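Listed below, chain by chain, are the residues.
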Amino acid sequence: MIGRIGEGNDNGGDALRSRSKEEALVRRDWPTALFCALLIAASVALFTTAQGIPVRPVDPVLGPRLFPLAITGGLGLLASLLLLRTVTGPAEPATDAAEGPLRWTGAALVLAGLLLFGLLVETAGYIVGAAAMFILVARAFGSRRLGYDIAIGLALAGAIFVVFTLGLGLKLPAGNLPQLLLRS
Amino acid sequence: MDALASLAQGFSIALTPMNLLWSLVGVTMGTMIGILPGIGPALTIALLLPVTHKLDPTAAFVIFGGLYYGAMYGSSTTSILIKTPGETGSIVTTIDGHEMARRGRAPAALATAAIGSFVAGTVGTLALALLAPEVVKLALLFGPAEYFALMCVAFVAVSSLLGASALRGLISLFIGLSLGLVGIDQQTGAARFTFGSMDLLDGISIVVVVGLFAVGEALFHASNTRDEGEAIVPLQGPARMTGEEWRRSWKPWLRGSIIGFPLGALPAGGTELPTFISYQLEKKLSDRPEEFGRGAIEGVAGPEAANNSAVAGVLVPLLTLGLPTSATAAIMLTAFHQYGIQPGPLLFSQNAGLVWGLIASLFIGNAMLLVLNLPLAGLWARLLYIPQPWLYGGIMVFAVLGVYGVNRSPFELGVLGAVGLLGLTMSRLGFPVAPVIVGMILGPMAEVQFRRAVQISQGDLSVFLTRPIAASLLAVAVAVLLGPPLMDAIKARRRVARG
């Protein structure tokens, strides 16, 4: 399910990126329509999956299967309703929707930072992984002071590592960087 | 006076040196995260869960309570000095608070916010202490059918009362409900929506909270091109105000306290709504309504009091019924569950020390917050000078610590990213995020109550309509859901008939 929603977001993002000013002026909210379509697809898939949840003879009213069916069915219906309203009528009012166009590189850098942390954390250790992510996220927000970013990232990650592993007993990976450096 | 005796016992627990220290930790962190935009009490408590798990429950909830109160104090600073709300409960404060700051009255705006928060926190906590035992008596009448009906009211209110579109709110709620289904069914052990993955068996609640609030926020602001923010109004020295400003503030404080508490206690979504109502009321009652929007101190005093007493209000249904009415309360409920404690009427008899210790510590924390925020206002304001790249870099570092530090699961990092993207999409498209959290955490509990009710009734669904309390609560839910669109339709028809 998560995978499906995740993919859906990539597509939703593509739609946002390609939304030009002219399209925004026509009051059809195509990104919302696309998001609704993805929600409908996800809810249909989940509704189908939910029919495989085992129900014991002793369970009243479908037992563990009832809520999954009702919730995914409800999600599909609500998304269909919004899709219908978006495509036919005036735009449904939105809560605090962003105004400016999407700056795609910012979001991509934050996600790249998260990915880099995942790739580095078990080999290079928490400190290196978290500092690398810190640097990429800082870039995403337009930082141009790489030296400061590296220093603060390492200091913050190092302080967290010491406090949480020594002080609070959380098991964060130390990494094999020290050994690698010693060996070479 | 039963409540007062219990409260006295609570103070004996809250006044131990360790609990005083935890309270100080909580209120200090709360003020800090309140001031920092992009990090709120819900996210902070979610990130603290793995750490506080090693503490005893009373200490943990003393921290959480102080944190929730402190966030409401701190958030006004951001609203006033840079016109960006630190939390949603201080959106209204940006209007007149920032105007006051631009006219050189920042110290007065901060002072009226802090003292108003103190007055409201005291009134609200007192109301909590006196009312909670009464609500407990009422709650004892509740069976599973009533709890299910009550949760339906909460679902509907959280998703349709806030925000511009009830439909978008409901879709958010159902996304949350769907996410809440992932994992092992507690009653039969059936795996649901796990797709054969071991990683999904335990559910994904905390990862989703962190993903939506930390990663989603970071993605949103990193990709928002019109997010430059206003210049910071510099502040030196303590927060203070003139006699005239005192005279104009004290009534809004009291009115705000009175509005905030019941609205926080109702399942209507926490601290935002009461601040809007308080602002409108002060504008209506003022001799100089034309000043509102141009730096009227009443427009800061009322809402800032309302959001603090709303927090005390939110704790009433959370502690007495186990019913969260805000995202933060939903996370606190998860924390209770981690300790194997079920909030509800029995909490007051089985864990009396914890409950009354918590309530007493809120009085103490509230006093600490006044001291922290009045003379030290200038010091806290320096937090606003942290550059955005480092602020969000730090938030992300803490986010992966909270998620990866517990299970060291790469899979959960993937979920974190995916949920962050979901949060970005929802924020960009104007879907509110709070209903996702409430749906995800309250959904499985509603299901448990529903299934218990039909087990007792042996599969007879009419149990929800034949029991009077349950039936009336469901009627309220339907009215909240269908009322506003029906009213709109009637108004539109009249307009058509007239025109």
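Residues numbered from 1 in each chain as written. Chains lettered and ligands numbered in written order. Predicted model: local features only at pLDDT ≥ 70, side-chain atom pairs only at ≥ 80, totals over all residues. Heavy atoms only, no water.

## Comments concerning the overall build of chain B
Scanning chain B from N- to C-terminus turns up 21 helices and 2 strands. Relative to the 2.2 N^0.38 estimate, which gives 23 Å for 499 residues, the radius of gyration of chain B is 22 Å and therefore close to what a compact globule would have. Dimensions along the principal axes, computed over C-alpha positions, put chain B at roughly 65 × 65 × 55 Å. Buried positions account for 65% of the 499 residues belonging to chain B. Within chain B, contacts between residues separated by at least 24 positions form 79% of all contacts whose residues are at least 6 apart in sequence. Of the roughly 17900 Å² that chain B leaves accessible, carbon and sulfur atoms contribute 64%. Charge centroids of chain B, computed over 29 positive and 27 negative side chains, lie 7 Å from each other. (Helix = DSSP H or I, 4+ residues; strand = E, 2+ residues; numbered from the N terminus. Rg over C-alpha atoms; globule rule 2.2 N^0.38 Å. Buried < 20%, exposed > 50% of the residue type's maximum accessible area, 1.4 Å probe, protein only. Contact = heavy atoms within 4.5 Å. Areas by Shrake-Rupley, 256 points an atom, 1.4 Å probe, with all protein chains shown as cover. Lys, Arg positive; Asp, Glu negative; His and termini not counted. Charge placed at Lys NZ, Arg CZ, Asp CG, Glu CD.)

## Quick word on the overall build of chain A
Looking only at helices and strands, chain A has 8 helices and 0 strands in total. Sequence-ordered secondary structure for chain A, helices as α and strands as β, is α-α-α-α-α-α-α-α. When the 184 residues of chain A are sorted by exposure, 42% land in the buried category. Long-range contacts, defined here as pairs at least 24 residues apart, represent 56% of the contacts in chain A between residues at least 6 apart. Accessible area of chain A: about 9500 Å², with a carbon and sulfur share of 67%.

## Some words on unusual backbone geometry
Phi is positive for A:Val61, close to 45°, though the residue is something other than glycine. With respect to the element layout, A:Val61 can be found in the loop between helix H3 (30–50) and helix H4 (66–88). We classify A:Val61 as partly exposed; its relative accessible area is 26%. Backbone geometry places B:Lys83, a non-glycine residue, at a positive phi of 60°. Classification of B:Lys83 by relative accessible area gives partly exposed; the value is 39%.

## Focus: the interface of chain A and chain B
Opposite the 81 residues of chain A that make contact, chain B presents 72 residues. For the pairing of chain A and chain B, the buried interface totals around 7000 Å² over both sides, and the portion due to carbon and sulfur atoms is 77%. In this structure, the connection of chain A to chain B is made through 2 salt bridges. With a shortest N-O distance of 3.7 Å, B:Arg168 and A:Asp29 are connected by a salt bridge. (Buried area = accessible area lost by both parts, 1.4 Å probe. Salt bridge = Lys/Arg side-chain N within 4 Å of Asp/Glu carboxyl O.)

## A look at the nonpolar core
By size, the foremost hydrophobic cluster in this structure holds 209 residues, and its most contacted members are A:Tyr126 and B:Phe64. Of the residues that make up this core, three or more belong to each of domain 1 (13–93) and domain 2 (105–177) of chain A. Leaving out residues up to four positions away in the same chain, B:Phe64 has contacts with B:Ile45, B:Leu48, B:Leu49, B:Thr52, B:Met332 and B:Ala335. (Core = buried A, V, L, I, M, F, W, Y, C linked by side-chain atoms within 4.5 Å. Domains from an automatic or database assignment.)

## Some remarks on the side chain of B:Arg248
Residues and elements named next belong to chain B. Tracing the backbone shows Arg248 in helix H10 (residues 243–265). A residue is classified by how much of its surface remains accessible, and Arg248, at 14% relative accessible area, is buried. Filtering out sequence-adjacent residues up to four positions away, Arg248 remains in contact with Arg288, Glu291, Ala296, Ile297 and Glu298.

## With respect to the confidence of the model for chain A
On average, residues of chain A score 80 in pLDDT, and 74% of them are at 70 or above. Overall, residues 1–26 of chain A carries pLDDT values under 50, and its contacts beyond four positions in sequence, including any with other chains, amount to 37 contacts. (pLDDT = per-residue confidence, 0-100.)

## Comments concerning the side chain of B:Asn19
Mapped onto the elements of the fold, B:Asn19 is located in helix H2 (residues 17–35). Every residue in contact with B:Asn19, bar those within four places of it in the chain, is listed here: B:Ile13, B:Ala14, B:Thr58, B:Ala59 and B:Val62.

## A few points about the packing of helix H7 (residues 144–160) of chain B against helix H8 (residues 166–181) of chain B
A pair of packed helices can be characterised by two numbers: the angle between their axes and the separation between those axes. All names here are of chain B. Closest axis-to-axis distance for the H7/H8 pair is 7 Å, and the angle between their directions is 130°. By the angle class used here, H7 and H8 are oblique. For the pair H7 and H8, the sense of crossing is right-handed. Here H7 contributes Phe155, Ser159 and Ser160 to the contact with H8, which in turn contributes Ala166, Gly169, Leu170, Leu173 and Leu177. The class makeup of the residues in the contact of H7 with H8 is 5 nonpolar, 3 polar and no charged. (Axes fitted to C-alpha atoms, helices over the stretch in contact; angles between N-to-C directions. Parallel < 35°, antiparallel > 145°, perpendicular 65-115°, else oblique. Left-handed = near helix turned anticlockwise from the far one by under 90°. Nonpolar A, V, L, I, M, F, W, Y, C, P; charged D, E, K, R; others polar.)

## Considerations on a positive patch on the surface
All names here are of chain B. A cluster of basic residues, Lys491, Arg494, Arg495 and Arg498, forms a positive patch at the surface. For Arg498, the location among the structural elements is in helix H21 (residues 468–498). Residue classification places Arg498 among the exposed positions, given a relative accessible area of 73%. (Patch = residues over 30% accessible without salt bridge, like charges linked within 9 Å, V, L, I, M, F, W, Y side chains within 5 Å.)

## Re the packing of helix H6 (residues 106–139) of chain B against helix H15 (residues 352–373) of chain B
All names here are of chain B. One way to put it is that H6 packs onto H15 with a least axis distance of 9 Å and a crossing angle of 175°. Comparing the axis directions of H6 and H15 gives the class roughly antiparallel. Contacts between H6 and H15 pair Ala114, Ile115, Ser117, Phe118, Gly121, Thr122, Thr125, Leu126, Leu128, Ala129 and Pro133 from the former with Trp356, Ile359, Leu362, Phe363, Asn366, Ala367, Leu370 and Asn373 from the latter. When its residues are assigned to classes, the contact of H6 with H15 shows 13 nonpolar, 6 polar and no charged.

## Some points on the packing of aromatic side chains
Two descriptors summarise a pair of aromatic rings, namely the distance from one centre to the other and the angle between the planes of the rings. Evaluation of the coordinates by the stated rule reveals 18 aromatic pairs over all chains. Relative to A:Tyr126, the ring of A:Phe117 has its centre 5.9 Å away and its plane inclined at 85°; by these criteria the two rings are edge-to-face. On the basis of relative accessible area, A:Phe117 is assigned to the buried category, the value being 0%. Relative to B:Phe464, the ring of B:Phe148 lies with its centre 5.2 Å away and its plane at 55°, an arrangement referred to as tilted. Of this pair, B:Phe148 sits in helix H7 while B:Phe464 is found in helix H20 (residues 463–466), placing the two residues 316 residues apart along the sequence. For the pair B:Phe148 and B:Phe464, a shared accessibility class is recorded, and that class is buried. (Phe/Tyr/Trp six-rings, centres within 6.5 Å; stacked < 30°, edge-to-face > 60°.)

## Structural notes on the pattern of salt bridges
Residue and element names in this part refer to chain B. Within this structure, the stated rule accounts for 16 salt bridges over all chains. The partner of Arg451 in a salt bridge is Asp185, with the nearest N and O atoms 2.9 Å apart. Residue Arg451 is found in helix H19 (residues 434–456), and its partner Asp185 is found in the loop between strand S1 (183–184) and strand S2 (191–192); the two are separated by 266 residues along the sequence. Here the two residues Arg451 and Asp185 agree in accessibility, since each one is buried. For Arg247, the salt bridge is made with Glu244, and the minimal N-O distance between the two is 3.4 Å.

## Details of helix H3 (residues 41–52) of chain B
Since the α-helix turns once every 3.6 residues, residues separated by three or four places project in the same direction. Among the 12 residues that make up H3(B), 12 are buried, leaving the element largely enclosed by the rest of the structure. Taken residue by residue, H3(B) has B:Pro41, B:Ala42, B:Leu43, B:Thr44, B:Ile45, B:Ala46, B:Leu47, B:Leu48, B:Leu49, B:Pro50, B:Val51 and B:Thr52 as its buried positions. Considering only its buried residues, H3(B) is in contact with helix H7 (146–167) of chain A together with H2, helix H4 (57–82), helix H9 (205–223), helix H13 (327–338) and helix H17 (388–407) of chain B.

## Observations concerning the environment of B:Lys284
Relative to the assigned elements, B:Lys284 resides in helix H11 (residues 272–285). Of the residues examined, B:Lys284 reaches a relative accessible area of 71% and is grouped as exposed.

## Observations regarding the environment of B:Ser159
All names here are of chain B. Mapped onto the secondary structure, Ser159 falls in helix H7. A sequence separation of 15 residues divides Ser159 from Phe174, and the C-alpha atoms of the two residues are 9.6 Å apart. Apart from the residues lying within four places of it in its own chain, the contact partners of Ser159 are Ser165, Ala166, Gly169, Leu170, Leu173 and Pro435. Polar side-chain contacts of Ser159 include one of 2.6 Å to the backbone oxygen of Phe155. (Polar contact = N/O pair within 3.5 Å; in protein donor to acceptor, adjacent residues only side chain to side chain.)

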